[in-house]
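A closer look at the structure
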Amino acid sequence: MRALQTMWYQGHPLQWLLLPFALLFGAITALRRRLYAWGLFRTQRVNAFVIVVGNISVGGNGKTPVVLALAEHLRGQGISAGILSRGYGAKSDYYPRCVNADDPAGQVGDEPRLLAGRSGLPVVIDPVRARGAKYLSEELGCDVIICDDGLQHYALHRDMELVVMDGRGVGNGHLMPMGPLREGDWRLGQVDAIIHNDGQATAPALTMNGPEQYTMMLQPGTFKNVCSPDITRQPQDFGKVAAFAGIGAPERFFSQLRAMGLMLNTTKGFPDHYHYQADDIPEGTVVVTEKDAVKLQHLAHKDCWYLPVDARLPNDFYALVGARLKQFNQK
């Protein structure tokens, strides 16, 4: 996977060997969209305002902080909201499943477990997203549903689409596996808003009537101990540390730590959603992402720390969400 990512974002002549597979992927996804447009595949509506937070490329772009920011905003507005996730990597015995803050990440997935612990909202996982959305709406009484990923999951009707992009943009601009794209960059012109992670991402040229675009800044919090989150540290409290991350863009995390003044003795990037083993954790001071921490609570030693981050979005973005929700309620 690392070799593919290098090719996608740095270029290599061998990428053209994958062109036939990219053309096949594009044909299959185009046919699938047509089948939904023609009504041969059913799109299910639920009695709630559905917001999808997704992207058109593979790999982590910063969706989870956006979901958390939306959750905090809606909760502050007194709106009954919930979060829906496919539950990637979950091994639950039943679906839909309402995730608790103390559920093992191996059963419910790392991102849903993080969201349940941070959001203050009900979090439901279900590989059949329409079924999970129905559960949130009808059983849990949610008026707004925030979908963590699922932009290409057309079986669930959505009322608002948000795309999160980071500094990698659309890479080489090709579809998988030749490039990182799940859909062509034309798809960006159909969404309601594009959120640029740390202001680094660049979207392809869009029309004057294209989506709104906003800059998101990630605000790091206080380092917390993986085994005892009530114990905290500031950046200046650390000496040399080992840092690792099992996310879509590990280097972004390492760069953030360096910018905060930490001295990184070693760094290691693991695949996204990686299932850690005890021997993956080095001795000495270790710093990981919050997403990793939810999987390490029973493996970590006492000198393992994680860094929570919060998304800072402009007021204009929340005004757009409010306007779309108001339109929905007036129908």
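To start, this report covers the structure provided alongside it. Everything quoted here is computed from the prediction, not taken from an experiment. (Residues numbered from 1 in each chain as written. Predicted model: local features only at pLDDT ≥ 70, side-chain atom pairs only at ≥ 80, totals over all residues. Heavy atoms only, no water.)

Closest axis-to-axis distance for the helix α3 (residues 63–76)/helix α5 (residues 110–119) pair is 10 Å, and the angle between their directions is 30°. Between α3 and α5, the angle is such that the two are roughly parallel. The two elements α3 and α5 meet at a crossing, and its hand is right-handed. From α3, T64, V67, L68, A71 and R75 reach across to α5, where they touch E111, L114, L115, R118 and S119. Residues that form the contact of α3 with α5 fall into these classes: five nonpolar, two polar and three charged. (Axes fitted to C-alpha atoms, helices over the stretch in contact; angles between N-to-C directions. Helix = DSSP H or I, 4+ residues; strand = E, 2+ residues; numbered from the N terminus. Parallel < 35°, antiparallel > 145°, perpendicular 65-115°, else oblique. Left-handed = near helix turned anticlockwise from the far one by under 90°. Contact = heavy atoms within 4.5 Å. Nonpolar A, V, L, I, M, F, W, Y, C, P; charged D, E, K, R; others polar.)

With that settled, the discussion passes to helix α6 (residues 129–139). Of the residues making up α6, those classed as buried are R129, A130, G132, A133, L136 and S137. Seen end-on, α6 carries its buried residues on one side only, within an arc spanning 165°. For α6, the exposed residues set more than 90 degrees away from the buried face come down to E138 and E139. Contacts made by the buried residues of α6 are with β2 (81–85), β4 (123–125) and β5 (144–148). Positive phi shows up at G141, right after α6, with a value of about 70°. (Buried < 20%, exposed > 50% of the residue type's maximum accessible area, 1.4 Å probe, protein only. Arc of directions from axis to C-beta.)

Another point: the nonpolar core. Ranked by internal contacts, the top residues of the largest apolar core, which has 40 residues, are I51, V53, L70, L162 and F317. In terms of residues, this core owes the most to one element, α3, which gives seven residues. If sequence neighbours within four positions are ignored, V53 has contacts with K63, V66, V67, L70, I146, C147, D148, D149, L162 and V164. (Core = buried A, V, L, I, M, F, W, Y, C linked by side-chain atoms within 4.5 Å.)

Quick look at the environment of E138 now. Within the secondary structure, E138 is located in helix α6. For E138, a relative accessible area of 54% puts it in the exposed group. Taking the C-alpha atoms as reference points, E138 and A48, 90 residues apart in sequence, are found 9.1 Å from one another.

In space, the nine strands of this open sheet follow the order β3-β4-β2-β5-β1-β6-β7-β8-β15, with mixed pairing throughout. Looking at strand neighbours, the two that pair on one side only are β3 (97–99) and β15 (309–312), the edges of this open sheet. Going across the sheet, the axis of each strand differs from the next one's by a mean of 25°, ignoring polarity. Pairing geometry for strand β1 (residues 49–54) and β5, over five bridges, is parallel. Of the residues in β5, the one forming a bridge with V52 is C147. Against the sheet, α3 contacts β1, β2, β5, β6 (160–165), β7 (193–197), β8 (212–220) and β15, and its axis sits at roughly 165° relative to β5. Contacts from α5 reach β2, β3, β4, β5 and β15 within the one sheet, and its direction differs from that of β4 by about 165°. (Pairing = 2+ DSSP bridges.)

Along β6, six of the six residues are buried, which leaves the element largely enclosed by surrounding structure. Bridging between β1 and β6 involves four bridges; their strand directions are parallel. Bridging from a neighbouring strand, V53 pairs with L162 of β6. Bridge count between β6 and β7: four bridges; the pairing is parallel. Within the sheet, the bridge partner assigned to M165 lies in β7 and is H196.

By definition, the strands of a sheet pair up through backbone hydrogen bonds, in either a parallel or an antiparallel sense. Across the sheet, six strands lie side by side as β10-β9-β14-β13-β11-β12; this open sheet has mixed pairing. Sheet topology places β10 (232–233) and β12 (263–269) at the edges, where each strand pairs with a single neighbour. Sheet topology note: the strand β9 (residues 223–225)/strand β14 (residues 304–307) ladder contains two bridges and is antiparallel. Note on β14: the bridge partner recorded for K224 is Y306. Along the sheet, helix α7 (residues 250–259) makes contact with β9, β11 (240–245), β12, β13 (286–289) and β14, crossing β12 at roughly 170°.

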